[in-house]
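Report on the structure
Spelled out, the chains give:
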Amino acid sequence: MIKVRRYFSTSYTVLLLILLSGCGIDSVIVQEPTTSRFNEAMDALQSDNPEVAIVILKELRSTGYNTANVWSAIARAHQLNRQPVLAVVIAHKLLSYSPRSPSIQNLFDSVYLQIEGEPQSSIWTVYHLWHQLRFITFTEHLLALLAVSILLLIMLVTNQRNPFPKGILIAVLAVQFVVLLSFTLRLYLETMHPIAIYTDTTSLPVHSSSAESAPTLFEITSGTLFYTDRVDGEWIKVVTYYGRHGWISTTQFELLRRIDVYSQ
């Protein structure tokens, strides 16, 4: 009986090793041409041939090779191909999904610095409040809110049997209030002031006040991220990603052809 068990155990181990080795061989067969094609795309980028790189990278995406490296390469390819809107949209989406990744942060900075130049210090703007909350993703923010809410609910229910010190309950309640407040602010900003992108090829002058005679502060170029702050009659105040702000007329606003970054 013991020999039979050993036989089946040995046979099972051998079969498992065969299956694992087969999976490894299969993965090599599948991954080798994929990696080779990705390297071809990177070589095309280094050779200043972004059109070829874009074709290869889109082919890899269609076959399921949909990693951050592929998207980063596509953003750089669009940047080299003088397509700033597509490059910024992709880089911003990657940054929204992985805000703590240094490589993605560097990718976005390198792409967007060519659009707006150096950031402006403008702490009071609504967008910069949203920007400070981006150290975690929206999903992580929601999960943190749910976790603290459940913890507080459990503590309140069990407090009747095993009373907790009031200080602990107050501390958890304070944490709950801060998380709820930040989540509400973030939800408000992303709903009422969604980040959009300027897609027109002509530069758009932005004035210092809501008047035609007001001096021009700067120009919005293709690929600039911005949000609308408020409306004053026939004028709209816009704030760019790097904190520049000013006024444009409603007739100019129609030239923006705004698109929501998150819908891309």
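Below, the structure is looked at part by part. Quick caveat, the model's predicted, so the values are computed rather than measured.

**Some words on the pattern of salt bridges**
This structure, assessed with the given rule, holds 5 salt bridges. Salt-bridge contacts for E140 lead to R100; the nearest nitrogen and oxygen are separated by 2.9 Å. One end of the pair, E140, is in helix α7 (residues 138–158); the other, R100, is in the loop between α4 (84–97) and α5 (102–116), and 40 residues separate them in sequence. In this structure E140 comes out as partly exposed when scored by relative accessible area, which is 31%. Across the pair R230 and D229 runs a salt bridge whose closest N-O atoms are separated by 3.5 Å. For R230, a relative accessible area of 43% translates into the label partly exposed.

**Things to note about the nonpolar core**
Core analysis: the largest hydrophobic core is formed by 35 residues, its most contacted members being L57, V88, F108, Y112, L225 and Y241. Elements that contribute at least two residues to this core include exactly α1 (2–46), α2 (50–62), α3 (68–80), α4, α5 and β4 (225–232). Examining the composition of this core, we find that 8 residues originate from one element, α4, more than from any other. Filtering out sequence-adjacent residues up to four positions away, V88 remains in contact with V111, Y112, I115, I197, G223 and L225. In terms of nonpolar packing, the next biggest core, distinct from the first, is built from 10 residues, Y198, L204, I220 and V238 among them.

**Description of the packing of α4 against α5**
Where α4 meets α5, the closest approach of the two axes is 9 Å, and the angle between their N-to-C directions is 150 degrees. One finds that α4 runs roughly antiparallel with respect to α5. In this structure, α4 meets α5 at a crossing whose hand is left-handed. Packed against α4, whose contacting residues are P84, A87, V88, A91, H92, L94 and L95, the element α5 presents I104, Q105, L107, F108, V111, Y112 and I115 at the interface. Of the residues in the contact of α4 with α5, the class split is 12 nonpolar, 2 polar and no charged.

**Details of a nonpolar patch on the surface**
There is a patch of nonpolar side chains on the surface, built from L129, L185, Y188 and M192 and spanning about 370 Å² of accessible area. Here the element with the most residues in the nonpolar patch is helix α8 (residues 166–192); it accounts for 3 residues. Within the secondary structure, L129 is located in helix α6 (residues 126–132).

**Here's the deal with α4**
The terminal C-alpha atoms of α4, which comprises 14 residues, lie 20 Å apart, in line with the 20 Å expected from a rise of 1.5 Å per residue. Burial within α4 is extensive, with 10 of its 14 residues counted as buried. Every buried residue of α4 is listed here: V85, A87, V88, V89, I90, A91, H92, L94, L95 and S96. Packing partners of the buried residues in α4 comprise α3, α5, β1 (196–197) and β4.

Calculation rules
- Residues numbered from 1 in each chain as written.
- Predicted model: local features only at pLDDT ≥ 70, side-chain atom pairs only at ≥ 80, totals over all residues.
- Heavy atoms only, no water.
- Salt bridge = Lys/Arg side-chain N within 4 Å of Asp/Glu carboxyl O.
- Helix = DSSP H or I, 4+ residues; strand = E, 2+ residues; numbered from the N terminus.
- Buried < 20%, exposed > 50% of the residue type's maximum accessible area, 1.4 Å probe, protein only.
- Core = buried A, V, L, I, M, F, W, Y, C linked by side-chain atoms within 4.5 Å.
- Contact = heavy atoms within 4.5 Å.
- Axes fitted to C-alpha atoms, helices over the stretch in contact; angles between N-to-C directions.
- Parallel < 35°, antiparallel > 145°, perpendicular 65-115°, else oblique.
- Left-handed = near helix turned anticlockwise from the far one by under 90°.
- Nonpolar A, V, L, I, M, F, W, Y, C, P; charged D, E, K, R; others polar.
- Patch = residues over 30% accessible without salt bridge, like charges linked within 9 Å, V, L, I, M, F, W, Y side chains within 5 Å.
- Areas by Shrake-Rupley, 256 points an atom, 1.4 Å probe, with all protein chains shown as cover.
- Expected span 1.5 Å × (residues − 1).

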